[in-house]
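# Chains, contacts and geometry: an overview
Spelled out from the first residue to the last, the chains are:
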Amino acid sequence: MATVKLLTDAEVEANPAAKAVFDDIRATRKSDFVNNFWRGLANDPALLKRTWEGVKTVMSAEGALDPLTREMIYIAVSTANSCSYCVHSHTAAAKARGMTEAQHAELLSVIALAGQNNHLLTAMQIPIDDAFLI
């Protein structure tokens, strides 16, 4: 259960600052759907705007990483941070951007391997090789 109210479209419409962000989300994503993350953040329009601007800048802007790679990285980090909402949201986004079942399976293998090895290295406190200190 959410710890904040999830604002309806009618409630967002009544707040010009929140409405402006929702309008931008819809325009940027070319979809009428605004997910619950944004509906919860809409309780604080300034936080909503800051968060959306960050997401839009990193996830939607042109850059060296293609959009699918960004989504897959987001899935991996969300898994490491135990954010089930983000795992679901960004898995859906990655699939919409063309992630195949084979790519998803390989991603899960990499996440599992990295998690296992991270735990082992943390437990053993192995010193970092000088060659890796760049």
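Anyway, here's the lowdown on the structure attached to this text.

Definitions and cut-offs
Residues numbered from 1 in each chain as written. Predicted model: local features only at pLDDT ≥ 70, side-chain atom pairs only at ≥ 80, totals over all residues. Heavy atoms only, no water. Helix = DSSP H or I, 4+ residues; strand = E, 2+ residues; numbered from the N terminus. Buried < 20%, exposed > 50% of the residue type's maximum accessible area, 1.4 Å probe, protein only. Contact = heavy atoms within 4.5 Å. Areas by Shrake-Rupley, 256 points an atom, 1.4 Å probe, with all protein chains shown as cover. Phe/Tyr/Trp six-rings, centres within 6.5 Å; stacked < 30°, edge-to-face > 60°. Expected span 1.5 Å × (residues − 1). Arc of directions from axis to C-beta. Axes fitted to C-alpha atoms, helices over the stretch in contact; angles between N-to-C directions. Parallel < 35°, antiparallel > 145°, perpendicular 65-115°, else oblique. Left-handed = near helix turned anticlockwise from the far one by under 90°.

We now examine the overall build of the chain. Along the backbone of the chain there are 7 helices and 0 strands. Beginning at the N terminus, the succession of helices and strands in the chain can be written as α-α-α-α-α-α-α. Counting only C-alpha atoms, the chain reaches 55 × 30 × 30 Å along its principal axes. By residue count, 24% of the 134 residues in the chain fall in the buried class. Of the contacts formed within the chain by residues at least 6 apart in sequence, a portion of 49% connects residues at least 24 apart. As presented, the chain carries roughly 9200 Å² of accessible surface, and 62% of it is formed by carbon and sulfur atoms.

All right, on to the packing of aromatic side chains then. The tally for this structure, following the rule as stated, stands at 2 aromatic pairs. Summarising the aromatic geometry, the rings of Phe37 and Trp38 are spaced 4.8 Å apart at their centres and angled 65 degrees between planes, so their arrangement reads as edge-to-face. A relative accessible area of 38% means that Phe37 is categorised as partly exposed. Trp38 sits in the buried class, given a relative accessible area of 2%. Between Trp38 and Trp52, the aromatic rings sit 5.4 Å apart at their centres with planes inclined by 90 degrees, giving edge-to-face as the arrangement. On the criterion of sequence distance, the pair formed by Trp38 in helix α3 (residues 36–41) and Trp52 in helix α4 (residues 45–60) is long-range, its members being 14 residues apart. Given a relative accessible area of 1%, Trp52 falls into the buried group. Pairwise contacts between aromatic rings join Phe37, Trp38 and Trp52 into one cluster.

On to α4, then. A turn of α-helix holds 3.6 residues, and therefore any two residues three or four places apart point the same way. The end-to-end C-alpha distance of α4, which contains 16 residues, comes to 21 Å, matching closely the 22 Å that a straight helix rising 1.5 Å per residue would cover. For α4, the complete set of buried residues consists of Pro45, Leu48, Trp52 and Met59. Buried positions in α4, seen along its axis, are confined to an arc of 85 degrees and lie on one side of it. Every exposed residue of α4 that faces more than 90 degrees away from the buried side is listed here: Arg50, Thr57 and Val58. Structurally, α4 contributes buried residues whose contacts are with α2 (16–29), α3, α5 (67–80) and α6 (84–96).

The N-to-C vectors of α2 and α4 enclose an angle of 20 degrees; their axes lie 9 Å apart at closest approach. The angle between α2 and α4 places the two elements in the roughly parallel class. Seen along the crossing, α2 lies across α4 with a hand that is left-handed. Between α2 and α4, the residues in contact are Ala17, Ala18, Val21, Phe22, Asp24, Ile25, Thr28 and Arg29 and Pro45, Leu48, Lys49, Trp52, Glu53, Val55, Lys56 and Ser60, respectively.

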